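Below are the chains, spelled out letter by letter.
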Amino acid sequence: MAFRKDFLWGGTTAANQCEGGYDEGGRGLANVDVVPIGEDRFSVITGQKKMFDFDEEHFYPAKEAIDMYHNYKEDIALFAEMGFKTYRMSIAWSRIFPKGDEKEPNEEGLKFYEDVFKECQKYGIEPLVTITHFDCPMHLVEAYGAWRSRELIGFYENLCQVIFNRYKGLVHYWLTFNEINMILHAPFMGAGLYFEEGDNIEQIKYQAAHHELVASAIATKIAHEVDPENKVGCMLAAGTNYPFTCKPEDVWASRQADHENYFFIDVQSRGEYPAYALKKMERDGIVIDMTSEDLALLKEHTVDFISFSYYSSRVATTDPELLEQTAGNIFASAKNPYLKESEWGWQIDPLGLRITMNDIYDRYQKPLFIVENGLGAIDTPDENGYVEDDYRIDYLAQHIQAMKDAVELDGIDLLGYTTWGCIDLVSAGTGEMKKRYGFIYVDRDNYGNGTLKRSKKKSFDWYKKVIATNGEDLSN
Ligand code: P53
């Protein structure tokens, strides 16, 4: 058998993309709430419009999302029916600390997640909890400039103290920051960063990244102190960069693009800033404020496992003529002529998953956890509301086969696999509902119309079988 007996099969969501209930239970406003659907989804937080609140012209999909806040019991029961061993989800920071800098947490928010975790426990589902999935309380954005401020480390530490103690025994797997390397694409939602005219953007990004890296080490330290059973992982938006040609310049461009992303994980897993990053910062005039205590924390509290999302490989080249960009939003890279793409222009590369796993495993020699993978597609329910999503089954079967090869043939230690958006939810990149990833269809359109009714797609029973056979039977 390829996969370990206790292999953690499951699915993933993120609070801001599924919960809704944005102003219920004492929850405070967060950066992820005020991002509308539409072309200018992210420009509103660049400071151009200075939008820190809702306006009349836009639709804000996160306000209600798929209302998991009220439907979590039904949804977790469906996950259990598929046989999930784990459920990756995130907590909304502003449910627990509505403003972010309070001394005392909001009991109602804490209780909500306790109920969710107990519901998982009922079915023997192990929660895998992302502490921050692109979210930051709005008050911390406005009063401190979010992660650009060192003070955020202390607020995050308080959050970790509270949740690790409160959920001791209920949760054993934690991820500190979702896709930490996405901070380089700010003002995308990560880290709550926005920029003013005249800002030295690179300087701010790397300083904010340093704060997150230190916060991540502190979280790892506390998690281990509170419960030695706790396992903490970092989380990388992965996807190896291929050189467009064997021209050495292209190969070098691909290495540099990989370095840019591995930088974060190098610090979190090896405990030190890699030399190439220090040199790059020196060249670019980036001076990071870091203390000797910071460095000691980074060194002593490295992660237990490496988790990552994988949707596609990427392609790097120095030749501007060849830089035909894929549509895949911030995943945009030169187009790979050998690959097909999704309806959203994300290129599909199952073997790329095996390559990426090998690259990461070779580099860190720690257990891996694939915590996001999937196909965003338009689903059209038939007259009975049933979706025959063979395209999704094909995509997942090919990727699971590739990860099976990585385990069976390459000997990679893999803890588990959770598909992205196991239930349809709001897209992070576009704010759309119609970009669906789920095994469970949710009746809701881009602008919030629909009954929110849940129904099983064809892939629901397929994934159930995959889990039941521990990945042996991938047939459709
Ligand atoms: P959507 C871009 C590139 C890689 C991963 O993305 C990304 C993104 C964001 O668009 O995000 C992860 O919803 C992320 C999830 C997100 C998922 O990929 O744009 O962790 O929050 O929903 C899929 O199709």
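- As recorded in an unreviewed UniProt entry, the protein goes by the name 6-phospho-beta-glucosidase, listed as coming from Enterococcus durans.
- UniProt's Sequence similarities (unreviewed entry) comment on the protein is quoted here verbatim: "Belongs to the glycosyl hydrolase 1 family."

### Regarding the overall build of the protein
Part 1 of the argument: Along the backbone of the protein there are 13 helices and 12 strands.
Part 2 of the argument: For 476 residues, the compact-globule estimate of 2.2 N^0.38 gives 23 Å, and the protein sits close to it at 21 Å.
Part 3 of the argument: Principal-axis analysis of the C-alpha atoms gives the protein an extent of 60 × 55 × 50 Å.
Part 4 of the argument: Look at the contacts in the protein between residues 6 or more apart in sequence, and 75% of them connect residues 24 or more apart.
Part 5 of the argument: Approximately 18,200 Å² of the protein is accessible, and the part contributed by carbon and sulfur atoms is 50%.

### Description of the nonpolar core
Part 1 of the argument: The biggest cluster of nonpolar side chains holds 138 residues, and the ones touching the most others in it are Phe79, Met403 and Tyr463.
Part 2 of the argument: Examining the composition of this core, we find that 13 residues originate from one element, helix H7 (residues 201–226), more than from any other.
Part 3 of the argument: Ignoring any residue separated from it by four or fewer positions in sequence, one finds Tyr463 in contact with Trp9, Gly10, Met82, Phe84, Ile400, Tyr417, Thr419 and Phe439.
Part 4 of the argument: Membership of the second largest hydrophobic core comes to nine residues, among which are Tyr173, Leu175, Met235 and Phe369.

### Observations concerning helix H2 (residues 68–82)
Part 1 of the argument: The end-to-end C-alpha separation of H2 is 18 Å, well short of the 21 Å expected for 15 residues at 1.5 Å each.
Part 2 of the argument: Of all the bends found along H2, the most pronounced is centred on Glu74 and spans about 40 degrees.
Part 3 of the argument: Regarding H2, the residues found buried are Met68, Tyr69, Asn71, Tyr72, Asp75, Ile76, Leu78, Phe79, Ala80 and Met82.
Part 4 of the argument: In the stretch just after H2, Gly83 is the one whose phi turns positive, near 95 degrees.

### Structural notes on the pairing of strand E9 (residues 368–372)
Part 1 of the argument: For E9, a buried count of five out of five residues is recorded, marking the element as mostly surrounded by other parts of the structure.
Part 2 of the argument: Two strands pair when backbone bridges link them, and strand E7 (residues 305–310) and E9 are joined in this way by four bridges, in the parallel orientation. Bridge assignment links Ser307 to a residue of E9, and that residue is Phe369.
Part 3 of the argument: Sheet analysis places E9 next to strand E10 (residues 414–420), joined by three bridges and oriented parallel. Within E10, the residue paired with Phe369 across the bridge is Gly416.

### Some thoughts on the pattern of salt bridges
Part 1 of the argument: For the coordinates displayed, the defined rule picks out 33 salt bridges.
Part 2 of the argument: With its nearest N and O atoms 2.9 Å apart, the salt bridge here joins Asp33 to Arg27. The pair Asp33 / Arg27 is uniform in exposure class, with both members buried.
Part 3 of the argument: With a shortest N-O distance of 2.5 Å, Asp379 and Lys457 are connected by a salt bridge. Taken together, the residues span a long stretch of sequence, with Asp379 in the loop between E9 and helix H12 (390–408) and Lys457 in the loop between strand E12 (454–456) and helix H13 (458–468) at a distance of 78 residues. Neither residue differs from the other here; Asp379 and Lys457 are each classed as buried.
Part 4 of the argument: Salt bridges sharing partners connect three or more residues here, namely Asp379, Asp389, Arg392, Asp424, Arg436 and Lys457.

### Side note on the UniProt feature "active site" (unreviewed entry) in the protein
Part 1 of the argument: Sequence positions flagged by UniProt for "active site" (unreviewed entry) are, in local numbering, Glu372.
Part 2 of the argument: Mapped onto the fold, Glu372 is located in strand E9.
Part 3 of the argument: Judged by its relative accessible area of 4%, Glu372 falls in the buried class.
Part 4 of the argument: With residues up to four places along the chain from it excluded, the contact list for Glu372 reads Thr12, Arg88, His133, Asn178, Glu179, Met235, Phe308, Ser309, Tyr310, Tyr311, Thr418 and Trp420.

### Side note on the packing of H2 against H13
Part 1 of the argument: Axis separation between H2 and H13 bottoms out at 8 Å; the angle between their running directions is 55 degrees. As the angle between them shows, H2 and H13 are arranged oblique. Between H2 and H13, the residues in contact are Leu78, Glu81 and Met82 and Phe460, Tyr463, Lys464 and Ile467, respectively.
Part 2 of the argument: The residue makeup of the contact of H2 with H13, split by class, is five nonpolar, no polar and two charged.

### As for the sheet that holds E9
Part 1 of the argument: An order of E1-E2-E3-E4-E5-E7-E9-E10 is seen for the eight strands of this closed barrel, with the pairing classed as parallel. Each neighbouring strand pair of the sheet contributes to a mean axis angle of 25 degrees, computed without reference to strand direction.
Part 2 of the argument: Summarising the sheet, strand E5 (residues 231–238) and E7 pair through six bridges and their orientation is parallel. Bridging from a neighbouring strand, Ala238 pairs with Tyr310 of E7.
Part 3 of the argument: Strands in contact with helix H8 (residues 248–270) are strand E4 (173–177), E5 and E7; relative to E5, the strand with the most contacts, it is inclined by about 170 degrees.

### Regarding the side chain of Thr176
Part 1 of the argument: Locating Thr176 in the fold gives a position in strand E4.
Part 2 of the argument: Residue classification places Thr176 among the buried residues on the basis of a relative accessible area of 1%.
Part 3 of the argument: Among all residues touching Thr176, those that are not within four sequence positions of it are Ile131, Thr132, Tyr156, Ser216, Ala219, Val232, Gly233 and Gln268.

### Looking at the pairing of E4
Part 1 of the argument: Burial within E4 is extensive, with five of its five residues counted as buried.
Part 2 of the argument: One ladder, built from four bridges, connects strand E3 (residues 126–132) with E4; its direction is parallel. In the strand pairing of E4, Leu128 is matched with Tyr173.
Part 3 of the argument: As defined by bridge partners, E4 adjoins E5 across three bridges and the pair is classed as parallel. Residue pairing across strands places Trp174 opposite Val232, the latter belonging to E5.

### What about the environment of Glu114?
Part 1 of the argument: Structurally, Glu114 is set in helix H4 (residues 107–122).
Part 2 of the argument: C-alpha separation for the pair Glu114 and Val171, spaced 57 residues apart in sequence, amounts to 9.7 Å.
Part 3 of the argument: Excluding residues that lie within four positions of it along the chain, Glu114 makes contacts with Arg166, Tyr167 and Leu170.
Part 4 of the argument: There is a polar contact of 2.9 Å between the side chain of Glu114 and the side chain of Lys118.

Rules used in this analysis
Residues numbered from 1 in each chain as written. Predicted model: local features only at pLDDT ≥ 70, side-chain atom pairs only at ≥ 80, totals over all residues. Heavy atoms only, no water. UniProt positions renumbered as here; feature names shortened; annotations may be inferred. Helix = DSSP H or I, 4+ residues; strand = E, 2+ residues; numbered from the N terminus. Rg over C-alpha atoms; globule rule 2.2 N^0.38 Å. Contact = heavy atoms within 4.5 Å. Areas by Shrake-Rupley, 256 points an atom, 1.4 Å probe, with all protein chains shown as cover. Core = buried A, V, L, I, M, F, W, Y, C linked by side-chain atoms within 4.5 Å. Buried < 20%, exposed > 50% of the residue type's maximum accessible area, 1.4 Å probe, protein only. Expected span 1.5 Å × (residues − 1). Bend = angle between axes of the 7 residues up to and from the residue. Pairing = 2+ DSSP bridges. Salt bridge = Lys/Arg side-chain N within 4 Å of Asp/Glu carboxyl O. Axes fitted to C-alpha atoms, helices over the stretch in contact; angles between N-to-C directions. Parallel < 35°, antiparallel > 145°, perpendicular 65-115°, else oblique. Nonpolar A, V, L, I, M, F, W, Y, C, P; charged D, E, K, R; others polar. Polar contact = N/O pair within 3.5 Å; in protein donor to acceptor, adjacent residues only side chain to side chain.

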